[in-house]
Amino acid sequence: MVGWVLGIGVTVVVLGASCLVLALVAWLLPPGLAKEIARFVPCCVRAAFVLRRDPRVPRRAKYVLAFAGLYTLSGINVIPDFIPVIGLLDNVIVLVVALRYASRRVTRDVLFAAWSGNPAVLDRLIGRLRVQRDPDDSRRRRRIRGR
C-alpha cells in the first residue's frame with residue numbers, strides 16, 4: 001500500500017514539475033510561433049478547467065472538458081508520452097476536440113474569456129463563426145424556382 005501511495009505522489013510531483021517547466025519555457029520565449037506552440041497545451045488545459053467551472057457552459061460540455069483536462073494531466077494515455085512527437089499528439093487531439101465541442105455549445109465570448117493565450121490561435125482552433133441559414137429562406141427560394 002505504501003508503494004502505491006509513493007508512486008502516485010512521485011507521479012503527481014513529476015507531472016507538476018513538467019507543467020511548471022513548460023510554463024516557464026513558454027514565458028521566457030520571445031513572441032512568435034515557438035512561444036505559441038509552447039503555450040498551446042497549458043492554455044488548452046487552463047481553458048478546459050475554467051470553462052468547466054463556468055455556469056454558462058452546459059453540463060455535457062463540462063463533462064467533456066473535464067475528461068479532456070484529466071486525460072491530458074494523467075500519465076495514462078493511448079499513445080505513451082515518452083514516444084517523441086506523437087506521444088503528446090493524442091493529448092493535443094483530445095484537447096482540441098473538447099474545445100471544438102464546447103465552442104458549439106457556448107458563445108465565443110465565453111471561450112475567449114477562458115483562453116489565456118493568443119486569441120488568434122483560439123479563433124483558428126474553433127473555426128470561423130458560422131452563420132446559420134434561416135429555414136424560411138430556403139422555402140422562399142423553392143417557391144421562387146417553382147413559379
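On a predicted model such as this, the values are computed, not experimentally measured, just so you know.

Visitor: Even after reading the chapter, I still don't get a nonpolar patch on the surface, so can you show me in this structure?
Guide: Nonpolar side chains collect at one region of the surface, where I86, L89, I93 and V97 lie side by side and expose about 350 Å² of accessible area between them. Following the sequence through the fold, V97 ends up in helix 4 (residues 86-103).

Visitor: In this structure, what is going on with the nonpolar core? I would like to understand it.
Guide: Proteins that are soluble and globular tend to have nonpolar side chains buried together. Counting 25 residues, the largest nonpolar core has L51, V57, L65, L99 and W115 as the members making the most contacts within it. The set of elements that each furnish at least two residues to this core consists of helix 2 (33-53), helix 3 (59-73), helix 4, helix 5 (108-114) and helix 6 (119-126). Broken down by element, the residue count for this core peaks at eight residues, all from helix 2. Once residues within four sequence positions are removed from consideration, V57 is found in contact with L51, K62, L65, V106 and V110.

Visitor: Sorry, what's going on with the environment of A48 here?
Guide: When you line up the elements, A48 lands in helix 2. In this structure A48 comes out as buried when scored by relative accessible area, which is 2%. Sequence spacing of A48 and A114 is 66 residues, and the spatial spacing of their C-alpha atoms is 8.0 Å.

Visitor: When you look at helix 4 in this model, what are you seeing that I'm missing?
Guide: Each α-helix turn comprises 3.6 residues. Residues three or four places apart therefore point the same way. Its 18 residues place the ends of helix 4 25 Å apart at the C-alpha level, agreeing with the 26 Å of an ideal helix rising 1.5 Å per residue. Along helix 4, the positions that sit buried rather than exposed are G87, D90, N91, L95, V96, A98, L99, A102 and S103. Here the buried face of helix 4 lies against helix 2, helix 3, helix 5 and helix 6.

Visitor: Help me understand the confidence of the model for the protein in this model?
Guide: A low pLDDT score tells you not to read the predicted coordinates there in detail. Looking at the protein, the pLDDT average stands at 78 and 84% of residues meet or exceed 70. Per-residue pLDDT, averaged within each element of the protein, yields its smallest value for helix 7 (residues 135-146) (52) and its largest for helix 5 (90).

Visitor: Whenever I open this one, the pattern of salt bridges confuses me. Can you help?
Guide: As a working rule, side chains carrying opposite charge can pair if their charged atoms are close by. Summed over all chains, the structure comprises two salt bridges. Ionic pairing is found between R56 and D54, a salt bridge with its closest N-O pair at 3.0 Å. The exposed category is assigned to R56, whose relative accessible area is 55%. Note that R108 and D123 form a salt bridge whose closest N and O atoms lie 2.3 Å from each other. One end of the pair, R108, is in helix 5; the other, D123, is in helix 6, and 15 residues separate them in sequence.

Analysis parameters
Residues numbered from 1 in each chain as written. Predicted model: local features only at pLDDT ≥ 70, side-chain atom pairs only at ≥ 80, totals over all residues. Heavy atoms only, no water. Patch = residues over 30% accessible without salt bridge, like charges linked within 9 Å, V, L, I, M, F, W, Y side chains within 5 Å. Areas by Shrake-Rupley, 256 points an atom, 1.4 Å probe, with all protein chains shown as cover. Salt bridge = Lys/Arg side-chain N within 4 Å of Asp/Glu carboxyl O. Helix = DSSP H or I, 4+ residues; strand = E, 2+ residues; numbered from the N terminus. Core = buried A, V, L, I, M, F, W, Y, C linked by side-chain atoms within 4.5 Å. Buried < 20%, exposed > 50% of the residue type's maximum accessible area, 1.4 Å probe, protein only. Contact = heavy atoms within 4.5 Å. Expected span 1.5 Å × (residues − 1). pLDDT = per-residue confidence, 0-100.

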